[in-house]
Amino acid sequence: MNDLSDAEMILVIGSNTTEQHPLASTRIFEALDKGAELYVVDPRKIRLTDFAHGYAPIEPGTNLPMINAMIHVIIEEDLINEEFIKNRTENYEEMKESVKDCTPEWAQSISKVPADTIRQFARKYATTDKAMIIFTMGVTQQTTAVKSIRALANLAMITGHVGRPSTGINPLRGQNNVQGAGDMGALPDFLPGYQRPEWPETKEHFSKIWGDFSCLRGNNIIQMFNLIDEGIMKAAYIVGENPVLSDPDQTHTMHCLEKVPFLVVQDIFFTETAEYADVVLPAASFLEREGTYTNTDRRVQMIHKVIEPIGDSKPDWEIIAEIMKRIGMDANYEGPSDIMDELNEAAEIYGGITHDRIREVGLQWPCLTKEHPGTPILHVGEFKRGKGLFTVNDFEYIGDQRSEEYPFILTTGRVTHMYHTGTMTRKVWTLALEYPEGFVEIHTKDAEELGIKDHQPIRITSARGSIVAPALITNRINEKTLFVPFHFAESPANRLTGQNLDPIINIPALKVSAVRIEVE
Amino acid sequence: MKRVETTCGYCGCGCGIYVNVADDDTILGISPSYNHVVSKGKLCSKGWHGFAFVRDSRRLTSPLIRQSDGTFKEASWEEALDKVASGFKDAMIDEDNTDRIGIISSARCTNEENYLMAKLARAGLKTSSIDHCARL
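Keep in mind it's a predicted model, so treat the numbers as computed, not measured. (Residues numbered from 1 in each chain as written. Chains lettered and ligands numbered in written order. Predicted model: local features only at pLDDT ≥ 70, side-chain atom pairs only at ≥ 80, totals over all residues.)

K.L.:
Go over the overall build of chain B, please, and point to the residues and values.
P.N.:
Scanning chain B for helices and strands turns up 3 helices and 7 strands. Counting from the amino terminus, helix and strand elements in chain B follow one another as β-β-β-α-β-β-α-β-α-β. By the compact-globule yardstick of 14 Å for 136 residues, chain B is too spread out, its C-alpha radius of gyration being 20 Å. In terms of overall dimensions, chain B has a C-alpha envelope of 55 × 35 × 25 Å along the principal axes. Counting every position in chain B, which comprises 136 residues, the buried fraction comes to 54%. Within chain B, residue pairs in contact and separated by at least 24 positions form 33% of the contacts whose partners lie at least 6 positions apart. (Helix = DSSP H or I, 4+ residues; strand = E, 2+ residues; numbered from the N terminus. Rg over C-alpha atoms; globule rule 2.2 N^0.38 Å. Buried ≥ 20, exposed ≤ 12 C-beta atoms within 10 Å, placed from the backbone. Contact = placed C-beta atoms within 7 Å.)

Right, here's the structure in full:
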């Protein structure tokens with residue numbers, strides 16, 4: 001993250017950085033103070049656009065054509081980094097062939113970003129030495145998530161903007177420990193330390209530590225709910241999550257939670273999801289326990305116990321260990337540092353990270369041994385796989401589109417004072433005061449056409465469901481586009497979103513839902 | 001008063017905070033950590049204010065078990081954990097390697113807790129269906 005402040009050009013695509021990663025955005029402003037230029041791709045004129053040198057008001061769900069067109073321009077105008085392509089990558093010719101028809105004019109017809117803006121972005125990115133790409137869910141929560149990220153990788157590699165300070169493509173991770181949860185193998189397709197279940201050495205390695213275990217590729221959240229619906233999955237254990245508000249297609253989510261024969265919910269509050277539980281277990285908050293979080297920089301940092309757990313609540317690790325013991329597992333951990341010691345052995349990238357080493361300052365993984373200093377930048381000198389692989393990412397749109405019945409595109413997201421499903425932040429009065437309720441952003445022109453006044457409740461309906469929220473009339477959003485934050489249970493944005501998924505990683509296209517509006 | 005250094009529990013920036021606590025364990029407020037590598041003495045609104053939910057009267061303070069009439073009743077940890085274990089064991093009965101239990105872990109939990117969830121899922125409940133909110 002500190003690298004950001006030394007960048008000379010920052011391309012922010014699908015990240016409302018000042019609101020969602022406020023401290024990362026301070027680095028952008030530091031860079032701007034030093035003369036860097038800022039370019040923003042977003043369907044909303046987010047705060048950063050006030051400071052930007054270029055702004056692309058993109059149609060939700062169409063990042064991929066714009067990125068491919070930038071690559072097209074860079075190749076056509078011979079702004080590529082030939083040496084980098086030759087020495088560090090492979091498959092360039094095939095990728096080049098795949099973007100030969102991706103002209104800026106073609107991209108404009110889909111993404112609505114003016115062709116000249118695309119050229120401006122491409123030239124600036126290619127001709128700046130330290131050019132960095134920042135992205136978040138505005139890129140990933142679409143049906144073209146994986147292709148778009150691979151296209152960003154192509155863009156970074158043709159220009160050699162990889163593996164040096166203040167370059168690269170940098171996803172800012174949303175929640176405090178979303179990086180760590182993935183690192184730890186809370187994913188269906190990885191074991192701790194990103195070891196694939198299908199690798200033969202994975203089975204061997206974990207058998208030594210865990211004994212017999214399920215070493216398959218499992219189902220992700222979306223698939224799990226579908227398997228519950230089909231009657232195949234018989235129980236669910238939900239810890240610190242509130243899918244009723246956070247998952248797509250709320251009606252479907254509630255139906256599945258109603259249907260699952262045995263549901264355990266573990267949380268600090270009685271959430272909307274807890275309503276469906278058979279057993280609710282009270283967890284301690286982050287101020288009532290020890291352990292580590294891994295931030296978006298892969299930096300593993302300590303959290304310390306400040307007060308005793310409230311009431312009869314317990315830290316999650318104690319509850320999980322108790323369940324492990326009751327189903328016959330060995331789980332005699334004295335505390336989180338014992339678990340970290342076991343993790344050192346299980347996951348090589350965390351091999352040298354101990355609580356004692358990070359008491360003062362965190363360490364960035366990969367950190368292989370107790371002497372290893374950690375790794376601030378990945379892919380220096382060589383990519384993990386050896387040569388960087390150029391990929392072909394043709395744009396084929398799947399998912400919701402505007403129609404006569406649903407003429408608006410709804411995009412969802414967050415506001416700065418709120419967090420995820422609002423379970424914590426809505427109970428903090430100083431924060432709740434800033435956003436006491438949900439809202440729907442609508443462009444001034446659309447509001448005038450429909451006779452909508454500011455703060456007037458309007459009904460938004462998609463093929464999945466319908467909500468009512470007060471209108472927030474603004475010029476800071478594309479026309480025929482709406483924005484609703486998903487924090488608020490009374491106007492749950494995810495009642496409108498659907499199950500259009502990226503075919504590879506199954507991320508739902510929460511940023512693109514076709515809707516209509518009616519005045520209440 | 002004591003000051004405990006810790007890491008903010010909100011976004012992925014991972015800012016350094018001090019929590020100021022009175023002798024009776026009342027949380028008085030947050031101060032930024034001036035030499036923290038990420039936050040360098042700055043915090044956002046959630047960082048400064050976001051701790052107040054911790055002592056909210058609506059916190060869950062006891063395990064709850066659903067009764068046959070649909071209402072929840074407070075239970076002891078022993079009772080609740082036994083019910084959880086037997087519920088999971090009942091769901092697991094299976095010969096064909098099909099995942100019968102879905103595990104949703106949390107980006108709000110620590111690394112240590114997520115590691116235990118992965119181990120519980122794969123080694124204990126014999127399910128590879130574990131995920132968290134990374135997609136959401």
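K.L.:
Can you lay out the domain arrangement of chain A for me, pointing to particular residues and giving the numbers?
P.N.:
Residues and elements named next belong to chain A. When its domains are assigned, chain A resolves into domain 1 (2-172), domain 2 (178-364) and domain 3 (408-519). The straight-line distance from the C-alpha centre of domain 2 to that of domain 3 is 30 Å. Across the contact, 14 residues belong to domain 2 and 17 residues belong to domain 3. Counting residues per element, the ones that place at least two in the side of domain 2 that touches domain 3 are helix 12 (221-229), helix 13 (243-246) and helix 14 (250-259). Residue classes in the side of domain 2 that touches domain 3 are distributed as 4 nonpolar, 7 polar and 3 charged. (Domains from an automatic or database assignment. Nonpolar A, V, L, I, M, F, W, Y, C, P; charged D, E, K, R; others polar.)

K.L.:
Provide a residue-level description of the packing of helix 12 of chain A against helix 14 of chain A, including the pertinent values.
P.N.:
Residue and element names in this part refer to chain A. Close contact between helix 12 and helix 14 brings their axes to 9 Å; oriented N to C, the two are set at 55°. As summarised for this structure, helix 12 and helix 14 are arranged oblique, according to the angle between their axes. In the crossing of helix 12 with helix 14, the sense of the turn from one axis to the other is left-handed. Judged by residue contacts, F225, I228 and D229 of helix 12 engage H252, T253, H255, C256 and K259 from helix 14. (Axes fitted to C-alpha atoms, helices over the stretch in contact; angles between N-to-C directions. Parallel < 35°, antiparallel > 145°, perpendicular 65-115°, else oblique. Left-handed = near helix turned anticlockwise from the far one by under 90°.)

K.L.:
Could you give an account of the sheet that holds strand 12 (residues 363-364) of chain A, with specific residues and numbers?
P.N.:
Strands sit in the order 10-11-12 (chain A) across an open sheet of 3 strands; the sheet is antiparallel. At either margin of the open sheet sits one strand with a lone partner, and together these are strand 10 (291-294) and strand 12 of chain A. Sheet topology note: the strand 11 (residues 299-303) of chain A/strand 12 of chain A ladder contains 2 bridges and is antiparallel. By the bridge assignment, R299(A) is partnered in strand 12 of chain A with Q364(A). Each of strand 10 and strand 11 of chain A is contacted by helix 3 (residues 111-124) of chain B, which is oriented at about 90° to strand 10 of chain A, the strand it contacts most. (Pairing = 2+ DSSP bridges.)

K.L.:
Just give me the short version of helix 15 (residues 316-326) of chain A, but keep the residues and values in it.
P.N.:
All names here are of chain A. The buried fraction of helix 15 amounts to 8 of the 11 residues, a majority that puts the element mostly inside the structure. The complete set of buried residues in helix 15 reads D316, W317, E318, I319, I320, A321, I323 and M324. Once helix 15 ends, the next one or two residues include G328, with phi positive near 90°.

K.L.:
Outline the interface of chain B and chain A, supporting the account with residue identities and numerical values.
P.N.:
At the interface, 88 residues of chain B touch 111 residues of chain A. Sort the elements by how many residues they give to the side of chain B that touches chain A and helix 3 of chain B lands first, with 13 residues. Here the side of chain B that touches chain A is built from residues that sort into 42 nonpolar, 24 polar and 22 charged. As paired strands, strand 7 (residues 235-239) of chain A and strand 6 (residues 101-104) of chain B are joined by 4 bridges and run parallel to one another. Residue pairing for strand 6 of chain B: A235(A) is matched across the bridge by I101(B).

K.L.:
Just give me the short version of the pairing of strand 7 of chain A, but keep the residues and values in it.
P.N.:
Residue and element names in this part refer to chain A. In terms of burial, strand 7 is a largely internal element, 5 of the 5 residues being buried. Side chains A235, Y237 and V239 project from strand 7 onto one buried face, and the interleaved A236 and I238 project onto a second face that is buried too. Examined bridge by bridge, strand 7 and strand 8 (residues 262-267) share 5 bridges and lie parallel to one another. Within strand 8, the residue paired with A236 across the bridge is L263.

K.L.:
How would you explain the nonpolar core if you had to name every residue and give the values?
P.N.:
In terms of nonpolar packing, the biggest core is built from 167 residues, with I10(A), L11(A), M66(A), M70(A), A236(A) and M117(B) touching the most fellow members. Ranked by residues supplied to this core, first place goes to helix 9 (residues 145-158) of chain A with 9 residues. In this view, M117(B) contacts A186(A), V239(A), I320(A), I103(B), S105(B) and I130(B); residues no more than four positions away in its chain are not counted. By size, the runner-up hydrophobic cluster in this structure holds 26 residues, among which are V244(A), V440(A), I452(A) and F486(A). (Core = buried A, V, L, I, M, F, W, Y, C linked by C-beta atoms within 7 Å.)

K.L.:
Go over the environment of I507(A) with me, naming the residues and quoting the values.
P.N.:
By the secondary structure assignment, I507(A) is in the loop between strand 18 (481-485) and strand 19 (513-519). Assessed through the 21 C-beta atoms surrounding it within 10 Å, I507(A) is described here as buried. A C-alpha to C-alpha distance of 33 Å links I507(A) and L32(A), two positions 475 residues apart in sequence. In this structure, I507(A) is in contact with T140(A), Q141(A), A145(A), L501(A), D502(A) and R135(B), ignoring residues within four places of it in sequence.

K.L.:
How would you sum up the sheet that holds strand 1 (residues 2-7) of chain B? Please name residues and give values.
P.N.:
All names here are of chain B. Judged by pairing direction, the sheet is antiparallel, and its 3 strands sit side by side in the order 1-2-3 without closing on themselves. For this open sheet the edge positions go to strand 1 and strand 3 (27-32), each flanked by a neighbour on one side alone. Adjacent strand axes in the sheet meet at a mean angle of 30° when their direction is disregarded. Note: strand 1 against strand 2 (residues 16-21), 6 bridges, orientation antiparallel. In the sheet register, T6 faces strand 2, and the bridge partner there is I17.

K.L.:
Give a description of unusual backbone geometry that names residues and reports values.
P.N.:
With the exception of glycine, most residues fall at negative phi, and the peptide bonds are largely trans. Backbone torsion omega between W365(A) and P366(A) reads 0°, so that peptide bond is classified as cis. Positive phi, close to 70°, is recorded for H455(A), a residue that is not glycine. Unlike most non-glycine residues, K40(B) shows phi in positive territory, near 45°. Along the chain, K40(B) turns up in the loop between strand 3 and helix 1 (45-49). The class of K40(B) is partly exposed, set by 17 C-beta atoms lying within 10 Å.

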